Amino acid sequence: MDPSPDHIIKEIPGLIRVYKNGRYQKLGGTDTVPAGTDPTTGVQSKDVIISPDTPLSARLYIPKTANSNLRKLPLLIFYHGGAFIIDTAASPIYHNFLNLVASESNIVIVSVDYRTAPDHPVPTCFQDLWDAIKWVALHATGNGPEPWLNSYPDFGKVFFAGDSAGANIAHQMAIRVGSANPTRHVEIRIGSENPAHHMATRVGSENPVGGINLEGIILLHPYCWGKERVGSESDEQPWIASVNDIRRFVCPETSGLDDPLINPGKDPKVSDIGCSRLLVCVADCRERYIEG
């Protein structure tokens, strides 16, 4: 006899449960909170649509001190974690965290709400996030569709950040920024050896995100993996099988555990990373990024 349609055919603890009839239940990251003004920090947030057809959206944050008549503020593009399966830009843990970051760091934040597995397996999210970066770049001249981004950010000081899967995404997007840039910085000397009399320019104009300058990326416990164990990793650790299982679930077409989308040490484009500064925060098993 065939099992009931409610028979569980797969479960990844804490993340998702899949039933025989194709229905699934996400086991975490489903709570959301609305945008608005945070009573503790005074940070304002709002949700915006980037692409209604995708759909692709983001939650924007501006600190209480934001004033376009005084000075522009650094811009952080943030990618939430959740193993590419759970959580959103409206998850309480990320909303509360980014209210604090915007206030304490005095920055503008774009938290992108990308599509997740299983409905949208990896690499769908990477295309979503590249589209989001291109959308943000439209505002560099002050003529984009979103008034906050036209008014408050300094597009010469842009940073990417994320935790876990979001850190993996930040790394991949930084590589795309570097790979998409056919231009180069050229120093032009104008009749003087005084550096103050030199001008920096760019050669080429095909970069779709050329309006932003990516200064650095911040990777919080990046979700990276591979066939060979590095650092404190061990095949005897109980979570090894779960990590392997998650990768196959979120990316059915993966080339394996050394897929460049999860193993930075195997990515031939890693040297294209489009920034000069990188901060990695790791704990326990997450030092793979550093080893790679």
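These notes cover the structure that comes with them. Computed from a predicted model, the values in this text were never measured in an experiment.

### Topic: the sheet that holds strand 11 (residues 214-220)
- The sheet built from 7 strands is open, its strands ordered 4-5-7-6-8-11-12 with mixed pairing. Sheet topology places strand 4 (44-51) and strand 12 (277-281) at the edges, where each strand pairs with a single neighbour. Going from strand to strand, the sheet's axes swing by 20 degrees on average, the running direction of each strand aside.
- In the sheet, strand 4 pairs with strand 5 (residues 56-62) via 7 bridges, with the strands oriented antiparallel. What sits directly across from S51, in strand 5, is L56.
- Packing of helix 1 (residues 92-105) onto the sheet brings it into contact with strand 4, strand 5, strand 6 (73-79), strand 7 (108-113) and strand 8 (153-163), and relative to strand 5 it is tilted by some 40 degrees.
- The sheet contacts of helix 2 (residues 124-137) involve strand 4, strand 5, strand 6, strand 7 and strand 8, and relative to strand 6 the element is tilted by about 165 degrees.

### Side note on the nonpolar core
- Core analysis: the largest hydrophobic core is formed by 63 residues, its most contacted members being Y79 and F160.
- A per-element tally of this core places helix 2 first, with 9 residues.
- With near-sequence residues (within four places) excluded, Y79 lies in contact with V112, L129, I133, F160, A161, G162, D163, G166, I169, A170 and M173.
- Counting residues in each nonpolar core, the second largest holds 11 residues, with Y61, Y94, L98 and A161 among its members.

### Focus: the pattern of salt bridges
- Evaluation of the coordinates by the stated rule reveals 9 salt bridges.
- Taking the shortest distance from any N to any O, the salt bridge between E146 and K46 comes out at 2.8 Å. Here the residue E146 occupies a position in the loop between helix 2 and helix 3 (147-151), and K46 occupies one in strand 4, the gap between them amounting to 100 residues.
- The exposure class of K46 is partly exposed, given its relative accessible area of 25%.
- Where R247 meets D259, a salt bridge forms, and the shortest distance between an N and an O atom there is 3.6 Å. Of this pair, R247 sits in helix 5 (residues 240-250) while D259 sits in the loop between helix 5 and strand 12; the two residues are 12 residues apart in sequence, bridging distant segments of the chain. Considered together, R247 and D259 belong to a single accessibility category, that of buried residues.

### Some remarks on unusual backbone geometry
- With an omega dihedral of -10 degrees, the bond running from T54 to P55 counts as a cis peptide bond.
- Following the sequence through the fold, P55 ends up in the loop between strand 4 and strand 5.
- Cis geometry is found at the peptide bond from V122 to P123, where omega equals 20 degrees.
- Within the element layout of this structure, P123 appears in the loop between strand 7 and helix 2.
- Positive phi is not limited to glycine here, since F84 has a value of about 65 degrees.
- One can find F84 in the loop between strand 6 and helix 1.
- The backbone of N106 sits at a positive phi, close to 55 degrees, despite the residue not being glycine.
- Mapping N106 onto the fold places it in the loop between helix 1 and strand 7.

### Some remarks on helix 5
- Where helix 5 is concerned, the buried positions are I240, V243, N244, I246, R247, F249 and V250.
- Taken together, the buried residues of helix 5 touch strand 1 (8-12) and strand 2 (16-19).

### Topic: the side chain of N207
- Mapping N207 onto the fold places it in the loop between strand 10 (199-202) and strand 11.
- Of note is the side chain of N207, whose polar atom sits 3.0 Å from the backbone nitrogen of V209.

Reading the values: the criteria
- Residues numbered from 1 in each chain as written.
- Predicted model: local features only at pLDDT ≥ 70, side-chain atom pairs only at ≥ 80, totals over all residues.
- Heavy atoms only, no water.
- Pairing = 2+ DSSP bridges.
- Helix = DSSP H or I, 4+ residues; strand = E, 2+ residues; numbered from the N terminus.
- Axes fitted to C-alpha atoms, helices over the stretch in contact; angles between N-to-C directions.
- Contact = heavy atoms within 4.5 Å.
- Core = buried A, V, L, I, M, F, W, Y, C linked by side-chain atoms within 4.5 Å.
- Buried < 20%, exposed > 50% of the residue type's maximum accessible area, 1.4 Å probe, protein only.
- Salt bridge = Lys/Arg side-chain N within 4 Å of Asp/Glu carboxyl O.
- Polar contact = N/O pair within 3.5 Å; in protein donor to acceptor, adjacent residues only side chain to side chain.

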